[in-house]
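Each chain, written out:
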Amino acid sequence: MPIATPEVYSEMLDRAKAGKFAYPAINVTSTQTLHAALRGFAEAESDGIIQISTGGAEFLGGQYSKDMVTGSVALAEFAHIVAEKYPVTVALHTDHCPKDKLDGYVRPLLAVSEERVKAGRNPLFQSHMWDGSAETLADNLEIAQELLARAAAAKIILEVEITPTGGEEDGVSHEINDSLYTTVDDAVRTVEALGLGEKGRYLLAASFGNVHGVYKPGNVVLRPDLLKELNEGVAAKYGKPAGSQPFDFVFHGGSGSTAEEIATALDNGVVKMNLDTDTQYAFTRPVADHMFRNYDGVLKVDGEVGSKKTYDPRTWGKLAEAGMAARVVEATQHLRSAGQKIK
């Protein structure tokens, strides 16, 4: 069962919260980066999450039509086949989707899974993300209510981002300022709209100074301790036991974070951490090294014929896969998921 069923995905998230670890959520843009992520999970004996952003889906759809739904469905179907060869369990997820792309991405994908569930099958994706951080919180939560109802009916978990993550990803950008910190009031309003599981399970991407991309030290101030305040505030409001963690948190903009920041986030309820920037570099770095070292082989310099063995995409592609897989292994170690796969 390499691709998690809805029940197993919930079990994965429950195990992560109870064990204070998180799953690396690796953005992929090709069958090759998919294999790299799966390989990394397998080598680390960690379950994990594979995700596709709107930009990734557009790229997967081919540059002729750039169809996001076609691209994401094709890779998800491919993943259902090839993941069988890896001894770990993974969930498929779609990353950041802003309001102007809902009708071209998440809603059609929900429809695909709705049809599958009606036919007695499991959903194609196990979770989808609605990124309403550019909207007012009221509008954000109104749309989230609609999407959560559809997702729950299709046995899918919804991820919501209620306040901004700084930096830029796939055209969605926010300044790095004090708005990058979710308040207890924001969290309470989220529960008022979405409940605490009775309306459907959701993951919460709260903001504690997160920024997409990598910035030099001092440019970003992360406050993962804020997640504890959000949990405590909601627990007190809704009569939950002291120390309980009502939310399943997601850590966005985690590339370049310190080990201490990650550890604090895990202790405070983070069950999923997105990785894109670091794994992109880990994939590309070996390719650049190969090209520089084999300049006269990958190019037909001065009328020569070059070397097929060096410009064959399989040659440098294997190096890229290995580099990215190694970074995924490192992520599982930081997030404490290494060795935690479901037996």
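Treat the numbers as computed from the prediction; the structure is a model and nothing was measured.

1. Let's talk about the pairing of strand β3 (residues 90-94)
Among the 5 residues that make up β3, 5 are buried, leaving the element largely enclosed by the rest of the structure. Taking every second residue as pointing to the same face, both faces of β3 are buried, with Val90, Leu92 and Thr94 on one and Ala91 and His93 on the other. With 2 bridges joining them, β3 and strand β4 (residues 127-131) adopt parallel strand pairing. Bridge assignment links Thr94 to a residue of β4, and that residue is His128. Assessed by its sense of winding, the connection that carries the chain from β3 through helix α5 (residues 106-118) to β4 is right-handed.

2. Comments concerning the confidence of the model for the protein chain
Summing up the model confidence of the protein chain, the mean pLDDT is 93 and the portion of residues at 70 or higher is 92%. Counted against residues more than four places away or in other chains, residues 172-177, with its pLDDT under 50, gives 17 contacts.

3. Quick notes on the side chain of His128
Inspection of the secondary structure puts His128 in strand β4. Engagement of the side chain of His128 in a polar contact is seen with the side chain of Thr94, the distance being 2.7 Å. In contact with His128, other than residues within four places in its own chain, are His93, Thr94, Val106, Leu109, Leu110, Ile156, Ile157, Leu158 and Glu159.

4. A few points about unusual backbone geometry
One non-glycine residue, Lys155, adopts positive backbone phi at about 65°. Considering the arrangement of structural elements, one finds Lys155 in the loop between α6 (137-153) and β5 (157-161). By relative accessible area, Lys155 is classed as partly exposed at 42%. Phi at Arg336 takes a positive value of approximately 70°, unusual for a residue other than glycine. Relative to the assigned elements, Arg336 resides in the segment after α13 (313-334).

5. Here we look at the packing of aromatic side chains
For the structure shown, the criterion picks out 3 aromatic pairs. Each ring, one from Phe208 and one from Phe251, has its centre 4.9 Å from the other, and the planes form 65°; the classification is edge-to-face. Of this pair, Phe208 sits in the loop between β8 (202-205) and α8 (226-237) while Phe251 is found in strand β9 (residues 249-251), placing the two residues 43 residues apart along the sequence. Here Phe208 and Phe251 have matching classes, each one buried. Ring geometry for Phe247 and Phe249: centres 5.5 Å apart, planes at 45°, overall tilted.

Parameters and conventions
- Residues numbered from 1 in each chain as written.
- Predicted model: local features only at pLDDT ≥ 70, side-chain atom pairs only at ≥ 80, totals over all residues.
- Heavy atoms only, no water.
- Buried < 20%, exposed > 50% of the residue type's maximum accessible area, 1.4 Å probe, protein only.
- Helix = DSSP H or I, 4+ residues; strand = E, 2+ residues; numbered from the N terminus.
- Pairing = 2+ DSSP bridges.
- Right-handed = clockwise from strand over helix to strand, strands pointing away.
- pLDDT = per-residue confidence, 0-100.
- Contact = heavy atoms within 4.5 Å.
- Polar contact = N/O pair within 3.5 Å; in protein donor to acceptor, adjacent residues only side chain to side chain.
- Phe/Tyr/Trp six-rings, centres within 6.5 Å; stacked < 30°, edge-to-face > 60°.

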